[in-house]
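# Observations on the three-dimensional arrangement
As a plain string of letters, each chain reads:
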Amino acid sequence: MIDLLKQIMLDNQADDFPMGRPRLVDITPVPGKATVCIGPRRSGKSTYLFQRIGGLLERGVSRENILYLNFFDDRLNSLQHEGLASVLDAYFSLYPQKKSAETVYCFFDEIQVVPGWEPFIDRLMRTEKCEVYITGSSAQMLSREIATQMRGRALSWELFPFSFREFLSFHDQSTAGPLTTKRQLLTRQAFDKFFEAGGFPEVAGLSHQLRIKIHQEYWGAMLFRDLVERHDIAHPRAVADLGHWLIDNSASLYTVNRLTGHLRAIGHRVSKSSVADYLNWFEDALFLFTVRVFDASLTRAKVNPKKVYCIDHGLIASVSSGILVNSGHLLENLVFVALRRLTPDIHYYKSRAGRELDFVATVHGERRLVQVCENLGNPATRKRETAGLRDAMIELNLNAGIIVVRDAATINEIEIDAGTIRVIPAWRFLLDLS
């Protein structure tokens, strides 16, 4: 294994990695801590590492001082049983003069597939002169347990698919300067493309059919590598059917009882506890998220129905059956992901009168109320959406709320007894959430 590792390390040092587009995410390395970048499969984590490597080379760092390994490489599968100790043995057998004398820059891609990686990184940070960068596609890499195992020697950051600003940058469209009439028109046209394509970097600019094919490959890889293989699931068909139900019902309410009943109705012998595990594993893979009702009582929040969202609205359009998903649900999913980039503290709200608000999000200590609707042209729709927002404003003692719509060109304000509701076009809402 040592000889194979040495060959892979040398090959990687000789490669010219693709740099891609710089991401608008402030991932700041901190001295003495490993930089952990987590996100769903194909969201650009490897490209982020390549950009860091490129920056080091531009600063004059020798390629010999850069150690890069991708643990999705099939040749490294045996490390899952043998452990990671041989990685350092291989590197320092190549460059014994660098040990404790020069800084080694370690880049470990998808390291979560190797059991026991946490103590290895902890030892590396304690005993070697190094900077460490890690990527992974598991939400567990944000957990308190890992922070404990690494004794505070890691700092985690999330990297999602392209935001709207990053999508504009990819297409060489400026996001700076005044919003002139022409620029607004171009931005609205770009939003229509973003709404159709989604944010995964690889599919930006591809044809409709090719995009669907790649999205479906992402979904299959996530199901069978991040769930079935990682958790050794005995009934993969049940997991796949559950995943498709959740995708088809994005931005909708669910309960574990309902999901269990659905799977049993189509022939799967599953328990409620198994379904709950499957849901947790979908979330751990960072492809699906659940949102609880806003309630001071954690017990009530847990027993109430939850809402489900996907990491990317474009993926939903490519994978879903198309029967239940509509453009309103896709818009709500898009807004959720935009908020989730800023904070995990997101809930839906149900007023005492039973009216619903899509999102209560706490960002930098400030609570924001957000309702999502395709348009407010229908008086009944306008009344329903503003009533749900008004109830939340009164009951949460806030005097401002937002309704995000798709088909508006400008920002409008609605004055009500509870305060001011701003009606904001989706493209502008996304730009404002920098």
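Residues take numbers from 1 onward in each chain, read along the sequence in its written order. A pLDDT threshold of at least 70 governs which residues receive local features in this predicted model, and a stricter bar of 80 or more applies before side-chain atom pairs are shown or counted, although totals over entire chains, interfaces and linings include all residues. Side-chain figures throughout are based on the complete set of non-hydrogen atoms in the structure, without hydrogens or water.

### What to know about the sheet that holds strand 6 (residues 253-254)
The pairing of strands in a sheet comes from backbone hydrogen bonds and takes either a parallel or an antiparallel form. Using the following cut-off: Pairing between strands is defined by DSSP: at least two bridges between them are needed. Secondary structure elements are taken from DSSP: a helix is a run of H or I of four residues or more, a strand is a run of E of two residues or more, and numbering for both begins at the N terminus.
Within the open sheet, the three strands sit side by side as 6-8-7. Their pairing is antiparallel. Bordering the open sheet on either side are strand 6 and strand 7 (288-291), each of which pairs with just one other strand. Both strand 6 and strand 8 (residues 306-310) contribute to a ladder of two bridges, which runs antiparallel. Looking at the pairing, Tyr-254 lines up with Lys-306 of strand 8.

### Considerations on the packing of helix 9 (residues 208-231) against helix 12 (residues 272-284)
Applicable threshold: Structural elements are reduced to axes, namely lines fitted to C-alpha atoms, with helices fitted over the stretch in contact, and the angle between N-to-C directions of any two is expressed from 0 to 180 degrees. Oblique is the label for every angle not falling under 35 degrees (roughly parallel), over 145 degrees (roughly antiparallel), or within 65 to 115 degrees (roughly perpendicular). Crossing handedness is defined as follows: a turn of the near helix away from the far one that is anticlockwise and smaller than a right angle gives a left-handed crossing, while the clockwise case is right-handed. Residues count as neighbours in contact if any of their non-hydrogen atoms are within 4.5 Å of one another. Asp, Glu, Lys and Arg are counted as charged, while Ala, Val, Leu, Ile, Met, Phe, Trp, Tyr, Cys and Pro are counted as nonpolar; the rest, among them Gly, fall into the polar class.
Here helix 9 crosses helix 12 at 120°, and the two axes come no closer than 10 Å. If you check the angle between helix 9 and helix 12, you find them oblique. Our pair here, helix 9 against helix 12, has a crossing hand that is right-handed. Within the contact between the two elements, helix 9 uses Trp-219, Met-222, Leu-223, Leu-227, Arg-230 and His-231 and helix 12 uses Tyr-278, Trp-281, Phe-282 and Asp-284. Its residues placed into classes, the contact of helix 9 with helix 12 shows seven nonpolar, one polar and two charged.

### Quick look at the nonpolar core
Inclusion rule: Within this scheme, the nonpolar core is defined by two criteria: the residues are buried Ala, Val, Leu, Ile, Met, Phe, Trp, Tyr or Cys, and they are joined through side-chain atoms within 4.5 Å. Using a 1.4 Å probe on the protein chains alone, a residue whose accessible area is under 20% of its type maximum counts as buried, one over 50% counts as exposed, and one in between counts as partly exposed.
Formed by 109 residues in total, the largest nonpolar core has its most connected members in Phe-108 and Ile-121. It is helix 15 (residues 327-342) that contributes the most residues to this core, eight residues altogether. Leu-369, Cys-373, Val-405 and Ala-418 belong to the second-largest nonpolar core, a separate cluster that totals 17 residues.

### Looking at the side chain of Gln-371
We apply this condition: In protein, a polar contact means a hydrogen-donor-capable atom and an acceptor-capable atom, both N or O and within 3.5 Å, with residues adjacent in sequence counting only if both atoms are side-chain atoms; elsewhere, any N or O pair within 3.5 Å suffices.
Locating Gln-371 in the fold gives a position in strand 11 (residues 366-372). At 2.9 Å, the side chain of Gln-371 forms a polar contact with the backbone nitrogen of Asp-358. In this structure, Gln-371 is in contact with Glu-356, Leu-357, Asp-358, Glu-385, Gly-388, Leu-389, Ile-402, Ile-403 and Val-404, ignoring residues within four places of it in sequence.

### Here we look at the pairing of strand 13 (residues 412-416)
Across five bridges, the pairing between strand 13 and strand 14 (residues 419-425) is antiparallel. Note that in strand 14 the partner of Ile-414 across the bridge is Ile-421. Between strand 13 and the antiparallel strand that follows it, strand 14, lie two residues.

### A short note on the sheet that holds strand 13
One open sheet holds the six strands; their spatial order is 9-10-11-12-14-13, and the pairing between them is mixed. Of all strands in the sheet, those bounded by a partner on one side alone are strand 9 (346-350) and strand 13. Going from strand to strand, the sheet's axes swing by 30° on average, the running direction of each strand aside. As paired elements, strand 11 and strand 12 (residues 400-405) share three bridges and run parallel to each other. From the neighbouring strand, Gln-371 faces strand 12, where its bridge partner is Ile-403. This element, helix 15, spans strand 9, strand 10 (356-363), strand 11 and strand 12 of the sheet and lies at about 20° to strand 10.

### A few points about the pairing of strand 1 (residues 34-38)
On a regular strand, each side chain points to the face opposite its neighbour's, so the side chains alternate between the two faces of the sheet. Of all five residues in strand 1, five are buried, a share of seventy percent or more. Along strand 1, one buried face is formed by Ala-34, Val-36 and Ile-38 and the opposite face, lined by Thr-35 and Cys-37, is buried too. As paired strands, strand 1 and strand 5 (residues 154-158) are joined by five bridges and run parallel to one another. When the bridges of strand 5 are listed, Ile-38 appears paired with Glu-158.

### Observations concerning the state of the cysteines
Under the convention used in this document: Here, two cysteine sulfur atoms that lie within 2.5 Å of each other are counted as a disulfide.
For the coordinates displayed, the defined rule picks out zero disulfides. Take Cys-37: it sits in no disulfide, and the sulfur closest to it among the cysteines is that of Cys-106, at 17 Å. With relative accessibility at 0%, the residue Cys-37 sits in the buried group. Here Cys-130 is not disulfide-linked; the sulfur of Cys-106 is the nearest cysteine sulfur, at 5.1 Å. Looking at Cys-130, the relative accessible area reads 16%, which means it is buried.

None of the figures reported here should be taken as evidence of function without further support.
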